[in-house]
Amino acid sequence: MRSSYKEEDVILLLKDITGLVEPQPTAVRERLIQAGTHYSEMLPIEYVPTQKYMEVYTKALETYARPTALAVGCLSDKIVQTRGKNVVLVSLARAGIPIGILVKRYLRFKYQLNIPHYAISIIKGRGIDDNAMRYLLERFQPQQLLFLDGWIGKGAILKELRQDIKAYEGVSAEIAVLADPANVTELCGTHEDILIPSSCLNCTISGLVSRTFLRDDIIGPHDFHGAVYYGELADSDLSYEFIQAIEQHFIVQNISTENCQMQKLSNTEKKNGYGIDEVRILATVFDVDDINLIKPGIGETTRVLLRRVPWKVLIDEKYRQNPDLNHIVRLAEEKQVPIEYYPLKHYKCCGIIKKLAET
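Residues numbered from 1 in each chain as written. Predicted model: local features only at pLDDT ≥ 70, side-chain atom pairs only at ≥ 80, totals over all residues. Heavy atoms only, no water.

### Overview of the sheet that holds strand β12 (residues 339-341)
The strands making up a sheet associate through backbone hydrogen bonding, with each pair oriented either parallel or antiparallel.
At step 1: With mixed pairing, the 4 strands of this open sheet are ordered in space as β10-β13-β11-β12. Where the open sheet ends on each side, the last strands, each with one partner, are β10 (294-296) and β12. On average, adjacent strands in this sheet sit at an angle of 20° to one another, irrespective of strand direction.
At step 2: Examined bridge by bridge, strand β11 (residues 310-315) and strand β13 (residues 349-353) share 5 bridges and lie antiparallel to one another. (Pairing = 2+ DSSP bridges. Helix = DSSP H or I, 4+ residues; strand = E, 2+ residues; numbered from the N terminus. Axes fitted to C-alpha atoms, helices over the stretch in contact; angles between N-to-C directions.)

### Details of the confidence of the model for the protein chain
At step 1: For the protein chain, mean pLDDT is 91; residues scoring 70 or higher make up 94% of the total.
At step 2: Low pLDDT, under 50, characterises residues 256-268; the stretch is placed with 31 contacts to residues that sit more than four places away or in other chains. (pLDDT = per-residue confidence, 0-100. Contact = heavy atoms within 4.5 Å.)

### Points about the side chain of K295
At step 1: Looking at where K295 falls in the secondary structure, it is placed in strand β10.
At step 2: Salt bridges are absent for the buried K295, whose nearest opposite-charge side chain, E300, sits at 5.1 Å.
At step 3: If we ignore the near neighbours within four places in the chain, the residues touching K295 are K124, K154, E300, T301, V304, R308, C350, G351 and I353. (Buried < 20%, exposed > 50% of the residue type's maximum accessible area, 1.4 Å probe, protein only. Lys, Arg positive; Asp, Glu negative; His and termini not counted. Salt bridge = Lys/Arg side-chain N within 4 Å of Asp/Glu carboxyl O.)

### Side note on the packing of aromatic side chains
At step 1: Applying the stated rule across the entire model yields 8 aromatic pairs.
At step 2: Between Y5 and Y240 the ring centres are 5.7 Å apart and the planes differ by 80°, which places this aromatic pair in the edge-to-face class. Remark: Y240 occurs in helix α6 (residues 239-247) and Y5 occurs in the segment before β1 (11-12); sequence separation between them is 235 residues. Here Y5 matches Y240 in class, with each residue buried.
At step 3: Ring geometry for F286 against Y342: centres 5.2 Å apart, planes inclined by 65°, an arrangement best described as edge-to-face. In this pair, F286 is assigned in the loop between α8 (275-285) and β10 and Y342 in the loop between β12 and β13, connecting sequence segments 56 residues apart.
At step 4: The buried category is assigned to F286, whose relative accessible area is 11%.
At step 5: Joined through ring pairs, the aromatic side chains of Y118, Y135, F140 and F224 make up one cluster.
At step 6: Just above the ring of W311 sits the side chain of K312; from NZ or CZ to the centre is 4.4 Å. (Phe/Tyr/Trp six-rings, centres within 6.5 Å; stacked < 30°, edge-to-face > 60°. Lys NZ or Arg CZ within 6 Å of the ring centre and 35° of its normal.)

### As for the pattern of salt bridges
At step 1: This structure, assessed with the given rule, holds 18 salt bridges.
At step 2: R308 is the partner of E30 in a salt bridge, and the nearest nitrogen-oxygen pair spans 2.6 Å. Taken together, the residues E30 in helix α1 (residues 26-35) and R308 in the loop between α9 (298-307) and β11 connect sequence positions 278 residues apart. The pair E30 / R308 is uniform in exposure class, with both members buried.
At step 3: Among the ionic pairs, K110 bridges to D77, the shortest N-O distance being 3.0 Å. One end of the pair, K110, is in helix α3 (residues 96-111); the other, D77, is in helix α2 (residues 51-83), and 33 residues separate them in sequence.

### Concerning empty space enclosed by the protein
In this approach a probe as big as a water molecule rolls over the atoms, and the regions it shows empty are the leftover space.
At step 1: Scanning the entire structure with this criterion turns up 3 cavities of 30 Å³ or more.
At step 2: One number sums up the size of the largest cavity: a volume of about 70 Å³.
At step 3: In terms of lining residues, the largest cavity is bounded by 13 residues, among which W151, D193, I194, I298 and G299 are the most central. (1 Å grid on protein atoms, 1.4 Å probe; cavity = no way out; pocket = protein on both sides within 12 Å on 5 of 7 lines; lining within 4 Å. Points joined across faces, edges and corners; volume = space filled by probe spheres on them.)

### Here we look at unusual backbone geometry
At step 1: Cis peptide bonds are those with omega within 30 degrees of zero, and the linkage from A93 to R94 qualifies with 15°.
At step 2: As for its placement among the helices and strands, R94 is situated in the loop between β3 (88-93) and α3.
At step 3: Even without a glycine there, the phi angle at Q112 is positive, about 55°.
At step 4: By secondary structure assignment, the location of Q112 is in the loop between α3 and β4 (117-123).
At step 5: The phi dihedral of D287 is positive, around 55°, even though this residue is not glycine.
At step 6: Its location among the elements puts D287 in the loop between α8 and β10.

### Description of helix α5 (residues 156-164)
At step 1: Residues L158, E160, L161 and D164 constitute the buried set of α5. End-on, the buried residues of α5 take up no more than an arc of 160°, which puts them together on one face.
At step 2: Those residues of α5 that are buried lie in contact with β4, β5 (127-128), β6 (145-151) and β7 (175-179). (Arc of directions from axis to C-beta.)

### So, the layout of surface pockets
At step 1: Roughly 1,100 Å³ of internal volume is contained in the largest pocket.
At step 2: Taken together, 46 residues line the largest pocket, and the ones lying closest to its centre are Y39, K124, R211, K295 and R303.
At step 3: Contributing elements (two or more residues each) for the lining of the largest pocket: α1, β3, α3, β4, β6, α5, β10 and α9.
At step 4: Here the residues of the lining of the largest pocket are counted per class, giving 18 nonpolar, 14 polar and 14 charged.
At step 5: By volume, the second largest pocket amounts to about 360 Å³.
At step 6: Taken together, 14 residues line the second largest pocket, and the ones lying closest to its centre are K154, G155, A156, K159 and I276.
At step 7: The element that contributes the greatest number of residues to the lining of the second largest pocket is α5, accounting for 5 residues.
At step 8: Tallied by class, the residues present in the lining of the second largest pocket amount to 6 nonpolar, 2 polar and 6 charged. (Nonpolar A, V, L, I, M, F, W, Y, C, P; charged D, E, K, R; others polar.)

Structure below.
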């Protein structure tokens, strides 16, 4: 699969379906999803954000490049300590790809390692790409494979991974992420709900690649899951600008150092309980009968505002006017989505998708 990333940074085990699928407007997709069509059978229209939103993103990148780099270092150290140096990074497309590239580059920066890095698709409700898994297992030992993603919201993809990986003896269902506010994995850069700037944008910060796609008329039984390459957006591509902005803050650190502690990027910040329990409480409070409509955390809230039809955004009272959430507030204003300030425990914010009355 082509992308704007260099092959030395990542190899995408995806089928290029550019021109084969007509992207659909957000409102149309939302109605179809709530009527029962699986989200992976459609693609959203990718767009270039407004100038005002890009100004917010640029400021977010300037502010949070260093904390993000610190989380990359903490996670990378944990990977070496727990999985050794003979590891193969397998990023979950799409949000995991820039994170995987950063981890690969940090492992080279600190440990002088050149770790293989691939990207494959896993789709909630449809499973992991079995053809991509077979490709990897023909080339590497099962215990070498380590899955990466950007963050964990509720833990739905981790649940999917744990179920699917049972079919592959010796492959660990463990997932490495930069941020785990849901409190479900130890292999993370932080349990804080930190702003990872790559969550603010879509394909223009992800190698100009769409989210992954799976439909029988396009994806055959021996094909990888599909994705579209948006070459027409090349002038707006910020993929490497993001990577380099984080990379310039790399430092040789250890996860137990005072520096890591000071940045609140250690397991000492781990909250009691699990994010999914808080989501269930929110579902009761706000009368949401399907917890899949609740998307907690900065990354997931951003995706709701970019790709779904939001009902409202919840922001923790402690983070009112906090710069962490400027892009959330800006997107909500642009889309005229109401913001409600509500006490949250594991997350800084939460997006709730609108329940459509007629589907």
